[in-house]
Amino acid sequence: MLYDCAIIGGGPAGLNAALVLGRARRSVALIDNNRPRNAVTHASHGFITRDGVTPAEFRHVAYEEVLRYPSVYHLQTEVISVTKNESGFEVSDSLGLRVQARKLILATGVKEIFPEIEGFYAFYGKSLFNCPYCDGWELRDQPLVLVSNSSAIYHTAKLLLNWSKDLLVCTNGQTFLSDEQKERLQAKGAVVMEQPVAAFVGHDGQLEYVSFTDGTQVPRAGGFVTPQFVQSGELGERLGCERTESGGLQTDGAGRTSIPGVYAAGDSSYFMPSQLIFAAADGSRTAASVNLDLTEEDFNEC
């Protein structure tokens, strides 16, 4: 079978793209490896009508809605390669399955690389997070820590002061903050520590204090650690898609990449802000572009 579109990735971008294309009566192969990046999160926030939803519930409801449309087919498998051919694209999985499609949406998202700090994963998704907009409200007015190996640490610190004035800013041995920036943060009540972080310490997912390599320990109830975001897969690169300076797949603003017939949606095309509602919206917009391009091709056929 030749599908109108193959969507690789079953997160909010891929799911919303499948919904829009299904409603447009397009045949869709929605290919998902069932390893969502936000599975560690207890609840997702900022998506109207779904604020506080668990990732598992979000996926369950989304798949129920998407698969009501008979032209959408869900394939739970791991894609290992994509090649261009005369009819469009051939998607191959680890078991030898081959899917043929006229168009391709890459919605594989990103993966996070966190600083290597002892104890981090015992608290991640419980009292340590990476997105203030997603989890800042739940930690409001508590003694918080921000650990960042990024030059964006000053921007993030300023944001976090909206949720808590008791903020410990840790550069983890780096020198991203200028003297003026440190002075301005300290004037707002934040404490800046530039020595490396040794460990996060607490019990049952609840952070209790941050330990530094010089032996200093500072009590904290929660906080944020900023990761480096990288592409989850190499499919776009293998197909020759151009990238942005931040590492996302370059698009024309409507989902079209530099390779004809290949589209990128959600975190695959931009890394920040990384939220459900942004990814879902981008999936919808990209699907509309796919449908428009298919319509033009079909209408202009001799």
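Higher on the page you've got the structure.
The structure reproduced in this document is the subject of the present report. (Residues numbered from 1 in each chain as written. Predicted model: local features only at pLDDT ≥ 70, side-chain atom pairs only at ≥ 80, totals over all residues. Heavy atoms only, no water.)

Thoughts on the pattern of salt bridges
Now for step 1: In total, this model carries 15 salt bridges according to the counting rule given.
Now for step 2: The salt bridge involving E194 is made with K182; its shortest N-O contact spans 3.3 Å. Note that E194 is positioned in the loop between β11 (191–193) and β12 (197–203) and K182 in helix α6 (residues 179–187), a separation of twelve residues in sequence.
Now for step 3: For K182, a relative accessible area of 17% corresponds to the buried category.
Now for step 4: The shortest N-O distance in the salt bridge between D293 and R256 comes to 2.9 Å. Residue D293 is located in helix α8 (residues 276–299), and its partner R256 is located in the loop between α7 (235–239) and β17 (262–264); the two are separated by 37 residues in the primary sequence. (Salt bridge = Lys/Arg side-chain N within 4 Å of Asp/Glu carboxyl O. Helix = DSSP H or I, 4+ residues; strand = E, 2+ residues; numbered from the N terminus. Buried < 20%, exposed > 50% of the residue type's maximum accessible area, 1.4 Å probe, protein only.)

Side note on the packing of aromatic side chains
Now for step 1: In the structure shown here, the tally under the stated rule is ten aromatic pairs.
Now for step 2: Centre to centre, the rings of Y3 and Y73 are 5.7 Å apart; their planes meet at 70°, and the pair counts as edge-to-face. Of this pair, Y3 sits in strand β1 (residues 2–8) while Y73 sits in strand β3 (residues 72–76), and the two are 70 residues apart along the sequence.
Now for step 3: A residue is classified by how much of its surface remains accessible, and Y3, at 11% relative accessible area, is buried.
Now for step 4: Exposure remark for Y73: the relative accessible area of 36% places this residue in the partly exposed category.
Now for step 5: Over the ring of W137 we find R140, and its NZ or CZ is 3.9 Å from the ring centre. (Phe/Tyr/Trp six-rings, centres within 6.5 Å; stacked < 30°, edge-to-face > 60°. Lys NZ or Arg CZ within 6 Å of the ring centre and 35° of its normal.)

A closer look at the sheet that holds β11
Now for step 1: The five strands lie next to each other as β8-β15-β9-β10-β11, forming an open sheet whose pairing is parallel. In the strand order of this sheet, the two ends are held by β8 (128–129) and β11, each with one partner. (Pairing = 2+ DSSP bridges.)

Structural notes on the environment of G11
Now for step 1: In this fold, G11 is placed in the loop between β1 and α1 (12–23).
Now for step 2: Overall, G11 belongs to the partly exposed group, its relative accessible area being 24%.
Now for step 3: For the pair G11 and R35, spaced 24 residues apart in sequence, the C-alpha to C-alpha distance is 9.2 Å.

Quick look at empty space enclosed by the protein
Now for step 1: With the rule as written, the count across this model stands at one cavity of 30 Å³ or more.
Now for step 2: Estimates place the volume of the largest cavity at around 40 Å³. (1 Å grid on protein atoms, 1.4 Å probe; cavity = no way out; pocket = protein on both sides within 12 Å on 5 of 7 lines; lining within 4 Å. Points joined across faces, edges and corners; volume = space filled by probe spheres on them.)

With respect to α1
Now for step 1: For α1, built from twelve residues, the straight-helix expectation of 16 Å at 1.5 Å per residue is met to within 8% by its first-to-last C-alpha distance of 16 Å.
Now for step 2: Residues of α1 that are buried include every one of P12, A13, G14, L15, A17, A18, L21 and G22, and no others.
Now for step 3: Here the buried face of α1 lies against β1, β2 (28–32), α2 (55–66), β3, β6 (98–106) and α8.
Now for step 4: Of the residues flanking the end of α1, it is R25, one or two places downstream, whose phi is positive at about 65°. (Expected span 1.5 Å × (residues − 1). Contact = heavy atoms within 4.5 Å.)

Some words on helix α5 (residues 153–160)
Now for step 1: Within α5, six of the eight residues are buried, which leaves it mostly tucked inside the rest of the structure.
Now for step 2: I153, Y154, T156, A157, L159 and L160 are the residues of α5 that are buried.
Now for step 3: Check the buried side of α5 and you find it contacts α4 (132–135), β9 (144–148), β10 (167–170), α6 and β15 (222–226).

Focus on unusual backbone geometry
Leaving glycine out, the prevailing phi sign among residues is negative, and the prevailing peptide bond configuration is trans.
Now for step 1: Backbone geometry at T49 places phi at a positive 75°, although glycine is not the residue there.
Now for step 2: If you trace the backbone, T49 turns up in the loop between β2 and α2.
Now for step 3: Given the relative accessible area of 65%, T49 is considered exposed.
Now for step 4: The backbone phi angle of D204 is positive, close to 50°, even though this residue is not glycine.
Now for step 5: Within the secondary structure, D204 sits in the loop between β12 and β13 (206–212).

Section: the pairing of β1
It is a general feature of regular strands that their side chains alternate between the two faces of the sheet.
Now for step 1: Taken across its seven residues, β1 has six buried, putting it largely inside the fold.
Now for step 2: Sheet topology places β1 next to β6; six bridges connect them, and they run parallel. Its bridge partner being in β6, I8 is matched across the sheet by L106.
Now for step 3: Where β1 and β2 come together, four bridges link them in parallel fashion. Each residue of the ladder has a partner; that of C5, found in β2, is V28.
Now for step 4: This β-α-β element, β1 to α1 to β2, shows right-handed connectivity. (Right-handed = clockwise from strand over helix to strand, strands pointing away.)

Some thoughts on the sheet that holds β13
Now for step 1: One open sheet holds the three strands; their spatial order is β12-β13-β14, and the pairing between them is antiparallel. The open sheet has two free edges, formed respectively by β12 and β14 (217–219), since each of these has just one partner strand. Shown here is a sheet whose adjacent strand axes are inclined to one another by a mean of 25°, direction ignored.
Now for step 2: As judged from the six bridges shared by β12 and β13, these two strands associate in the antiparallel manner. Note that in β13 the partner of V201 across the bridge is Y209. (Axes fitted to C-alpha atoms, helices over the stretch in contact; angles between N-to-C directions.)

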